[in-house]
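Below are the chains, spelled out letter by letter.
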Amino acid sequence: MAGETGVTNYRNYVGGKWRETTTGRYVPNRNPANKEEILGKVPISSAAEAKEAVEEARKALPSWSQLPWPVRGNYLFKLVRLMEADKENLARLLTLEEGKTLKESLGEVQKSINIVEFIAGETRRASGETTPSEMPSTFSYTIRQPLGVVALITPWNFPVAIPCWKIVPAIAAGNTVVFKPATLTPSTAVRIVELIEEAGVPKGVVNLVFGSGGEVGEALIQDEAVKAVSFTGSNEVGSRVYQLGAKRGIKVQCEMGGKNPVIVLGDADLELAAEGTVQGAFGSTGQRCTATSRAIVVEKVADKFVDLVLSKSRSIKVGHGIDPTVQMGPSVDESQFKTVLSYIEIGKKEGAKLILGGNRITTPPLDKGNFAEVTIFDFVTPKMRIAKEEIFGPVLAIMRVKDLEEAIEVANDVIFGLSSSIYTNDGAAMFKFIEKIETGITHVNSPTVGGEAQLPFGGIKGTGIGTREQGKTALEFYTELKTVYIDYTGKKRDTSIY
């Protein structure tokens, strides 16, 4: 629907109907590559609108939850086909509002399709287990049942993939959902829900409400009808979500920050290590929770490694992601851009050696967007803020260490524990690293980024709360386990001995 200026007003989707917000409040959705371009106006909905969405989800729950798993899966298989047909369009929407390159956006959409396809398949394999009982003439087994209405709160950095890996397992398991996406990426959120609607998913099963976390998000978490909340975002907000959910005694799943290290040992293929580090650090403008933030390199190969990283980083073309020759886009908005620039200044003041970049790009036409130079600091020490705090931008900290033991100690000396990587051809070193590194995901001779639909995703320490997302484990969060005992004799028995 067009607004007064001809710019699209995004709408909520509640109970199977697209609705304008009743608040009349909107904020612009700007193209981060050209802030003068307004893509649409995003509604700032009220707590009352969130409550209405929960009510519609509650009403849709009985009929949806009673459908057999494979029947629910059939809707998801149709969604796969629709997403495949819409892949190019969805990727373009993603690039325009989030800023990542079109190639990266196409990759994200394909991963989203893989996730939907995998979970759709799981609806024909969803099962409990049969276990022998201690009691005679008793059949015992377990089943998984839906929770009810669940609230899903998603970030802007993977605005197609993360909603898919929350919404799809939730509804596959028989729940109904209220989806609150990031305000910065409304176009992709709307398109995902449109595709779900086109797939024939019944009214009220999936509901979309835009708005602030403080109002809409908290209203969802505190609503008595909401039985679980899955959140991806910052540690600060995630801690608040966890507190509110714990107070009500509901299931909470939070995926938060990362400060992901790559360790490079003396025997490593340095060309491979440098390539993987650059991809991990600057792909998606460093706006990934799995981005490579720290390169921890043994001293004897550090100089050569740094030269290789510099050579590869200098060739990165920065610009509007729609341009197929561009390799790195802008920060998502002015606020995130200022955060990146502030951390660059912090690194300088802390005494780290700035060896590349460190500035805002002011060359036209990039001066109209949130573009920072590819930035690398060398001789970063473990206690520096740029070594400990998540920056979420194209900034790499290189840290020099004596050996593997020191490298692991430095890598673990942060509050986060999402992803990690090591480059080595030494089998003993590789397995020692795998055993000792404090992350939920780790890679050997490949970048810290990346994950597959059929495998669990998530972190430990300050990164993750609750069960993991993706893979078969995704369905664990969205279901309750019920244990069943059937005495098929129907005779009275003495159970005091069991």
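Above this text is the structure in question.
**Student:** Requested: an account of the overall build of the protein chain, with residues and values cited.
**Tutor:** Tallying secondary structure elements over the protein chain gives 15 helices and 19 strands in all. In terms of overall size, the protein chain behaves like a compact globule, its C-alpha atoms giving a radius of gyration of 24 Å where 498 residues would be expected to give roughly 23 Å. Each principal axis of the C-alpha distribution contributes one length, and for the protein chain these read about 80 × 65 × 40 Å. Within the protein chain, the proportion of its 498 residues that are buried is 55%. Taking all contacts inside the protein chain whose residues are at least 6 apart in sequence as the whole, residues at least 24 apart take part in 72%. Looking at the protein chain as shown, the accessible area adds up to about 20400 Å², and 52% of this sits on carbon and sulfur atoms.

**Student:** Help me get a handle on helix α6 (residues 186–198), residues and values and all.
**Tutor:** For α6, built from 13 residues, the straight-helix expectation of 18 Å at 1.5 Å per residue is met to within 8% by its first-to-last C-alpha distance of 18 Å. Most of α6 is tucked away, with 10 of its 13 residues classed as buried. Within α6 the residues assigned to the buried category are P186, S187, T188, A189, V190, R191, I192, V193, L195 and I196. At the exit of α6 stands G200, carrying a positive phi of roughly 90 degrees.

**Student:** With reference to specific residues and values, describe empty space enclosed by the protein.
**Tutor:** Applying the stated criterion to the full structure yields five cavities of 30 Å³ or more. Its boundaries defined by the atoms lining it, the largest cavity holds a volume of some 90 Å³. In terms of lining, the largest cavity is formed by 14 residues, of which the most central are G286, A291, S293, F392 and G393. In the lining of the largest cavity, the residues fall into six nonpolar, five polar and three charged.

**Student:** Lay out the packing of aromatic side chains in plain terms, naming residues and giving numbers.
**Tutor:** Tallying each qualifying case throughout the model produces six aromatic pairs. Summarising the aromatic geometry, the rings of W64 and Y75 are spaced 5.5 Å apart at their centres and angled 55 degrees between planes, so their arrangement reads as tilted. With W64 in helix α1 (residues 47–65) and Y75 in helix α2 (residues 69–85), this residue pair connects regions lying 11 residues apart in the sequence. Overall, the relative accessible area of 22% leaves Y75 in the partly exposed class. Of note, K41 hangs over the ring of Y26, and the distance from its end group to the ring centre comes to 5.5 Å. Sitting above the plane of the F158 ring, K100 keeps its charged end 3.8 Å from the centroid.

**Student:** Talk me through the environment of G464; I want residue IDs and the actual numbers.
**Tutor:** Summarising the element assignment, G464 is placed in strand β18 (residues 464–465). Between the alpha carbons of G464 and L418 there is a distance of 7.8 Å; along the sequence they are 46 residues apart. When sequence neighbours within four positions are dropped, the list of residues in contact with G464 reads C254, M256 and G459.

**Student:** A description of the nonpolar core should follow, citing residues and the corresponding values.
**Tutor:** One recurring pattern in soluble globular proteins: nonpolar side chains tend to sit buried together. Ranked by internal contacts, the top residues of the largest apolar core, which has 62 residues, are L76, L79, V116, V150, I171 and L208. Looking at which element gives the most residues to this core, the answer is helix α5 (residues 161–172), with nine residues. Those residues in contact with L79 that sit more than four places away from it in its chain are V116, V168, L195, I196 and A199. Membership of the second largest hydrophobic core comes to 59 residues, among which are L265, V278, A295 and I437.

**Student:** Lay out the environment of D367 in plain terms, naming residues and giving numbers.
**Tutor:** Structurally, D367 can be placed in the loop between β13 (353–356) and β14 (375–378). Beyond its immediate chain neighbours, meaning those up to four positions away, D367 contacts I361 and T362.

**Student:** Provide a residue-level description of the pairing of strand β4 (residues 34–43), including the pertinent values.
**Tutor:** Judged from the six bridges that link them, strand β3 (residues 26–31) and β4 form a sheet pairing that is antiparallel. Looking at β4, one finds that Y26 is bridged to P43. Hairpin connection of β3 to β4: two residues between the antiparallel strands.

**Student:** Talk me through the pairing of strand β12 (residues 292–298); I want residue IDs and the actual numbers.
**Tutor:** Burial analysis of β12 places seven of its seven residues in the buried class, the great majority of the element. Inspection of the sheet shows strand β11 (residues 260–264) paired to β12 by five bridges, in the parallel sense. Within β12, the position partnered with I263 by the bridge is I296. Traced from β11 through helix α9 (residues 270–282) to β12, the parallel crossover comes out right-handed.

**Student:** Report on the sheet that holds β11, specifying residues and quantitative values.
**Tutor:** On the basis of which strands lie adjacent, the open sheet formed by seven strands has the order β13-β14-β15-β12-β11-β16-β17 and mixed pairing. In the strand order of this sheet, the two ends are held by β13 and β17 (441–444), each with one partner. When strand polarity is set aside, the average angle formed by the axes of neighbouring strands in this sheet is 20 degrees. Of the strand pairs in this sheet, β11 and strand β16 (residues 419–423) are connected by three bridges, and their pairing is parallel. Its bridge partner lying in β16, V262 is registered against S421. Along the sheet, helix α10 (residues 299–314) contacts β11, β12, β13, β14 and β15 (395–401); its crossing angle with β12, the most-contacted strand, is approximately 145 degrees. Relative to the sheet, helix α13 (residues 404–412) contacts β11, β12, β15 and β16, its axis offset from that of β12 by approximately 160 degrees.

**Student:** Can you lay out the pattern of salt bridges for me, pointing to particular residues and giving the numbers?
**Tutor:** With the rule as written, the count across this model stands at 27 salt bridges. Across the salt bridge formed by R25 and E215, the nearest N and O atoms sit 3.5 Å from each other. With R25 in the loop between β2 (17–19) and β3 and E215 in helix α7 (residues 213–222), the pair connects residues that are 190 residues apart, well separated along the chain. By sharing partners, the salt bridges in this structure join D86, R191, E194 and E198 into a single network.

Parameters and conventions
Residues numbered from 1 in each chain as written. Predicted model: local features only at pLDDT ≥ 70, side-chain atom pairs only at ≥ 80, totals over all residues. Heavy atoms only, no water. Helix = DSSP H or I, 4+ residues; strand = E, 2+ residues; numbered from the N terminus. Rg over C-alpha atoms; globule rule 2.2 N^0.38 Å. Buried < 20%, exposed > 50% of the residue type's maximum accessible area, 1.4 Å probe, protein only. Contact = heavy atoms within 4.5 Å. Areas by Shrake-Rupley, 256 points an atom, 1.4 Å probe, with all protein chains shown as cover. Expected span 1.5 Å × (residues − 1). 1 Å grid on protein atoms, 1.4 Å probe; cavity = no way out; pocket = protein on both sides within 12 Å on 5 of 7 lines; lining within 4 Å. Points joined across faces, edges and corners; volume = space filled by probe spheres on them. Nonpolar A, V, L, I, M, F, W, Y, C, P; charged D, E, K, R; others polar. Phe/Tyr/Trp six-rings, centres within 6.5 Å; stacked < 30°, edge-to-face > 60°. Lys NZ or Arg CZ within 6 Å of the ring centre and 35° of its normal. Core = buried A, V, L, I, M, F, W, Y, C linked by side-chain atoms within 4.5 Å. Pairing = 2+ DSSP bridges. Right-handed = clockwise from strand over helix to strand, strands pointing away. Axes fitted to C-alpha atoms, helices over the stretch in contact; angles between N-to-C directions. Salt bridge = Lys/Arg side-chain N within 4 Å of Asp/Glu carboxyl O.

These figures come from the coordinates and say nothing about function on their own.
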